[in-house]
Amino acid sequence: MVRRRRKQEEEEEKEEEEVAAVPSPAASDGEDAPEELSFGAAAAAAESERQLAGEAARRHRELLKEKRRRRQELFVEQKVTPPSPPIPSHPSHPQPGHKQPGSKSEKQSEGRVLKQVKQDKARGARSKGNYTAMHLKDQSLTGLHQQTAKDFVYSHLYGPGTNRTSANEFFSLANKKDPVKKAAVQFVDKSWGKCKKKKKKK
Amino acid sequence: MGPLEVHRVRFFGLVPAGVRCLAYLPRRRRLALARTDGAVEVYGLEEGCFQEKAIPGHQARSVEALCWAAGERLFGAGLSGDITEYDLQRLRPARTVDGFGGPIWSMVANGGGTRLAIGCEDGSVKLFQVVPGGIQFEKNLDRQKGRVLCLSWHPSGTHIAAGSIDFIRVLDVRSGRTVQRIMVNYHVPKPKKRECVVWGIAFLSDGTVVSSDSFGRVQFWDWERGTLLESHTVSTSAVLSLAVSEKEDSIVVGTSTGATYQLQLLPVKAGSQEKRWVRTKPFQYHTHDVRAVAHSPTALISGGRGAHQAGWGGGVPLPDASSPRSAWLPGLDAQLVIRPLMEKVQRKGYEAVLRKFTFPHRRLVSCARKARLLLFQFSQHLELWRLGSTNETGKDGEVLPVCRMPEHLLQLKSKVGLGRGCGRGLGGLCRPRSAPPRPPQGPEHIYCSCVSPCGGWVAYSTASRFHLYRVQHEGDGVSVKKVPGVPKLLLPAYQLQCASDAGRLFVGSERGSVHVLQLLEPGGCKHLHTLRPPAGTAEAVYLLASSADGNWLAAVSGDWEIHVYSLKHFKHHCTVPTYSCAVTALAIHPATNNLVIAYADQQLFEFSIPEKQYTAWSRTVQNCGLHKAWLERDSPITHIAFNPQNPAHILLHDVYMFCVLDKSLPLPDASTPLLNQSTLKQLPEHARQRQLHAFKICKKFQPLLFAELLEENRLVLVERPLADIRAQLPPPVQQQPFGT
């Protein structure tokens, strides 16, 4: 590591020398003599640059570490253990009756295995997600289709773009244009008497 | 007869459901009609236009397409995705097959009536074969994205044209593939691009596809090349329905504004071979959308749509060269309009008359004569009202002030029906077999209802239940109690009638049978007997009449046979001689026990039950013949009543008039005007006597739904002004009248 650094320093010095040797094109047209650059100043500059780079690298490393740490903590949090299901009869517990047929204990052991499998499954598959569960039987598919169909028809016949007017207006106009003028249809506003009805209900 | 006090009842808020689709059966001259509430009706157009059969609808049932197939079988399909076959004898849906394509938008039968094609929501066209006992799935044709809104078979049965949104396609039936796809929405500039919905389509035998779309255009396409032959813009609003005549020389279209147009194929010059389609006649008979049209040989038929549902699809006429065509146009305003085409009508007369049917030809109002109550039957509830009264008297034509307003006593709502225990099979795994219809959700529609003359009993029947209520009048109010333990009868009941003494209830059922129930006093009923016609019949009873003394009962079934039963011995008494028309009304005279019958061709007969033969007066009427103006009325007589004061009077009414027939007066001959009441009033007494004749007709009260004579010279008339119905309909298309 030290050798690498020395090599780096040498390279940098060389570069600096080369840089110093090459006149900057913007500075002059080549008439003036190059500026004198002492070794110490160059070395100090190189040192400071190295330090900066090192600090940047260190900060970057620490940032990554921080991120990793946080993710680890998040995983640990998410990994919530499920409540253990109530085990009705633990096969390891002594049964009240010793006269058990062998098949029963076998079944119990199977049950235990199944339960354990279920528990494992529950623990492994459990995750917070963005889903809702629906009972398909409750949602009648035909009902949804029918509703879509009806909406289609309604929107094409009565939706925006169709030039519809209210029945009252239509017939009132017809009554007024008649040779024998009649009253407009349904003068009465339906909202009249609503407060009275509300009071009655109360 | 002296002055009558008229109770002019206008609070029956009936709004008939709009007509959604039509199907014409040329061979039998029958028209099937489906309404927006799922009701299906069949009209016979031969003599008069009488509503012969009516199948009440249901909230969950929606019928979008109706067609006749395999003779006289009626099929309907709707947004529930099922194809239903209707049993016209038992007046109910017979069997249902799921189409498995989502909501079904259109259904058409091919020329021979052997196959049905349905257009579904998912864009597929499915073929079904009509077999005895049901229908069987045959195959799926090519499916493309976009709902198939209308279909039409080519008369040869080899191709089907399907209209969708923005395009039309032609499918080859044998291979099932789409052989042509025509874009309809081609020339509208980009910013104004709207969906072009093809509402109606027809496939002519020369390969022309006629389409009607939502831009108000009727377009003619050459299907092989996919090019537009002609385009007619008939309206600014959508053209919702299309129907072609059998000879393919006339098309009728219905628009959203209520206007219907006829397009005819006429030669360009007189005598030239080249023909072009020309828009000839506009008609404005409806105020709202015309969602179904049909073309019969002599007339254009249209139906109005009522509230919510849109209908489309023109009825594709079944090939039948015999009868001329009319077009039927159903409109949104629940009117069925039959407009005969003048050039097809031979003579100017009754056949050339425009007919409009708004109200059902069934009795929807029952009257409790002694208690002065009226029972109104709506599709999902009943209302019981008490008539108002007045203390004043007046002269002819005066309006008397009402001292006691009519009261709304009771409202009975129909309940949710009983589910019939029928399984649906294995879901979608196997071919759908015909199953009895699924028990639908929601309250059931009421088939029939009646109230007893004393007002104490109210009965009504739905498709799966029979309800009987005991009504107690306590002072000004009523209390209602449901009668439990109603006997399990074969349901539904198609007609109900209470006996005059309120002791018995007659229930008209299927296969011509009538059940007699005894109404027991505190609130119960018992089944006494079931009366059946001797020969047996498959049709259901649709009219009943009972005598005032409780001895006789007359029942009419769907085969138009009138059977008279004796209630003393519970057996069949006699059958009235058969007549070639449907019976529209019947009643038994309280004093003489004569059965008065009105037929769909406006003939009147009087049959004496004890003597088992027509009365002398009836023979006289038949010998002289009825007056021409009487025979040329549009609407059938739906109710017959009698005058308690005068046994020689018969009160008849139809939609536009009511008539008091005085049997003691001479019959009018052909030269006397039939409507002479107004002239008679102006004549002095001695001149009047010379010109009086038996028919006293009043046309002042229209449209009439019910008329009845109560005691003490009171007449009850239930009217339903059309303006009141129209005010409650959904918004019509705004039209800019000239000068506004």
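- In the annotation of an unreviewed UniProt entry, chain B is listed under the name UTP4 protein and assigned to Asarcornis scutulata.

- The name an unreviewed UniProt entry gives chain A is NOL7 protein, with Asarcornis scutulata as the organism.

Description of the environment of A:E47
Piece 1. Relative to the assigned elements, A:E47 resides in helix α2 (residues 39-78).
Piece 2. Note: C-alpha distance between A:E47 and A:G159 (112 residues apart in sequence) is 77 Å.

Re the packing of aromatic side chains
Piece 1. Using the criterion set out here, one finds 22 aromatic pairs over all chains in the structure.
Piece 2. Aromatic side chains B:F128 and B:F137 sit 5.5 Å apart centroid to centroid with 80 degrees between the ring planes, which places their arrangement in the edge-to-face category.
Piece 3. Ring geometry for B:F605 against B:Y614: centres 5.3 Å apart, planes inclined by 40 degrees, an arrangement best described as tilted. With respect to class, B:F605 is no different from B:Y614; both count as buried.
Piece 4. Taken together, the ring pairs connect B:F11, B:F12, B:F376, B:F378 and B:W385 into an aromatic cluster.
Piece 5. Between B:R147 and the ring centre of A:F152, over which it is positioned, the NZ or CZ distance is 4.1 Å.
Piece 6. For B:R470, the ring lying beneath its charged end belongs to B:W457, and the centroid distance is 4.8 Å.

Some thoughts on the sheet that holds strand β40 (residues 504-508) of chain B
Residue and element names in this part refer to chain B.
Piece 1. Taken in spatial order, the 4 strands of this open sheet run β39-β40-β41-β42, and their pairing is antiparallel. Each having just a single partner strand, β39 (495-498) and β42 (524-531) make up the two edges of the open sheet. Taking each pair of neighbouring strands and ignoring which way they run, the sheet shows an average axis angle of 25 degrees.

Side note on the pairing of strand β55 (residues 704-710) of chain B
Residue and element names in this part refer to chain B.
Piece 1. Burial runs high along β55: 7 of the 7 residues are buried.
Piece 2. By the bridge criterion, 6 bridges tie β55 to strand β56 (residues 714-719) in an arrangement that is antiparallel. Of the residues in β56, the one forming a bridge with L704 is E719.
Piece 3. What sits between the antiparallel neighbours β55 and β56 is a turn of 3 residues, in which E712 has the positive phi angle 60 degrees.

Observations concerning the interface of chain A and chain B
Piece 1. Taken residue by residue, the interface counts 24 residues in chain A and 37 residues in chain B.
Piece 2. Taken together, the two surfaces of chain A and chain B that pack against each other cover about 2,400 Å², and 67% of this comes from carbon and sulfur.
Piece 3. If you look at where chain A meets chain B, you find 0 salt bridges.
Piece 4. Applying the counting criterion to the chain A and chain B interface returns 1 residue pair in polar contact (both at pLDDT 80 or more).
Piece 5. Those elements giving two or more residues to the side of chain A that touches chain B turn out to be α4 (141-158) and α5 (167-177) of chain A.

Side note on the sheet that holds strand β48 (residues 594-599) of chain B
Residue and element names in this part refer to chain B.
Piece 1. Within the open sheet, the 4 strands sit side by side as β47-β48-β49-β50. Their pairing is antiparallel. The open sheet has two edge strands with one neighbour each: β47 (583-588) and β50 (613-614).
Piece 2. Strand direction decides the pairing type here: β47 and β48, joined by 5 bridges, are antiparallel. Residue pairing in the sheet places I588 in a bridge with L595 of β48.
Piece 3. Of the strands in this sheet, β49 (604-608) and β50 touch helix α1 (residues 616-624), which is tilted by about 155 degrees from β49.

Here we look at the pairing of strand β35 (residues 446-451) of chain B
Residue and element names in this part refer to chain B.
Piece 1. Buried residues dominate β35, accounting for 6 of its 6 residues.
Piece 2. With 5 bridges joining them, β35 and strand β36 (residues 457-462) adopt antiparallel strand pairing. Paired with I446 across the two strands is T462, which belongs to β36.
Piece 3. Hairpin connection from β35 to β36: 5 residues lie between these consecutive antiparallel strands, with G455 at a positive phi of about 80 degrees.

Considering the environment of B:V541
Residue and element names in this part refer to chain B.
Piece 1. Relative to the helices and strands, V541 is located in strand β43 (residues 541-546).
Piece 2. Given the relative accessible area of 1%, V541 is considered buried.
Piece 3. For the pair V541 and Q677, spaced 136 residues apart in the sequence, the C-alpha separation amounts to 37 Å.
Piece 4. Those residues in contact with V541 that sit more than four places away from it in its chain are Y494, Q495, G508, S509, G512, S513, V514, A555, V556 and S557.

Some words on the pattern of salt bridges
Piece 1. This model, assessed by the stated rule, comprises 26 salt bridges over all chains.
Piece 2. A:E66 is the salt-bridge partner of A:R70, the closest N and O atoms lying 3.9 Å from each other. On the criterion of helical spacing, the pair formed by A:R70 and A:E66 is a turn pair, its members being 4 residues apart in helix α2.
Piece 3. Here A:E66 falls in the partly exposed class, since its relative accessible area comes to 27%.
Piece 4. A salt bridge links B:E85 to B:R73, with the nearest nitrogen and oxygen atoms 2.8 Å apart. Highlighted residues: B:E85 in strand β8 (residues 82-87) and B:R73 in strand β7 (residues 73-77), separated in sequence by 12 residues.

Parameters and conventions
- Residues numbered from 1 in each chain as written.
- Chains lettered and ligands numbered in written order.
- Predicted model: local features only at pLDDT ≥ 70, side-chain atom pairs only at ≥ 80, totals over all residues.
- Heavy atoms only, no water.
- Helix = DSSP H or I, 4+ residues; strand = E, 2+ residues; numbered from the N terminus.
- Phe/Tyr/Trp six-rings, centres within 6.5 Å; stacked < 30°, edge-to-face > 60°.
- Buried < 20%, exposed > 50% of the residue type's maximum accessible area, 1.4 Å probe, protein only.
- Lys NZ or Arg CZ within 6 Å of the ring centre and 35° of its normal.
- Pairing = 2+ DSSP bridges.
- Axes fitted to C-alpha atoms, helices over the stretch in contact; angles between N-to-C directions.
- Contact = heavy atoms within 4.5 Å.
- Buried area = accessible area lost by both parts, 1.4 Å probe.
- Salt bridge = Lys/Arg side-chain N within 4 Å of Asp/Glu carboxyl O.
- Polar contact = N/O pair within 3.5 Å; in protein donor to acceptor, adjacent residues only side chain to side chain.

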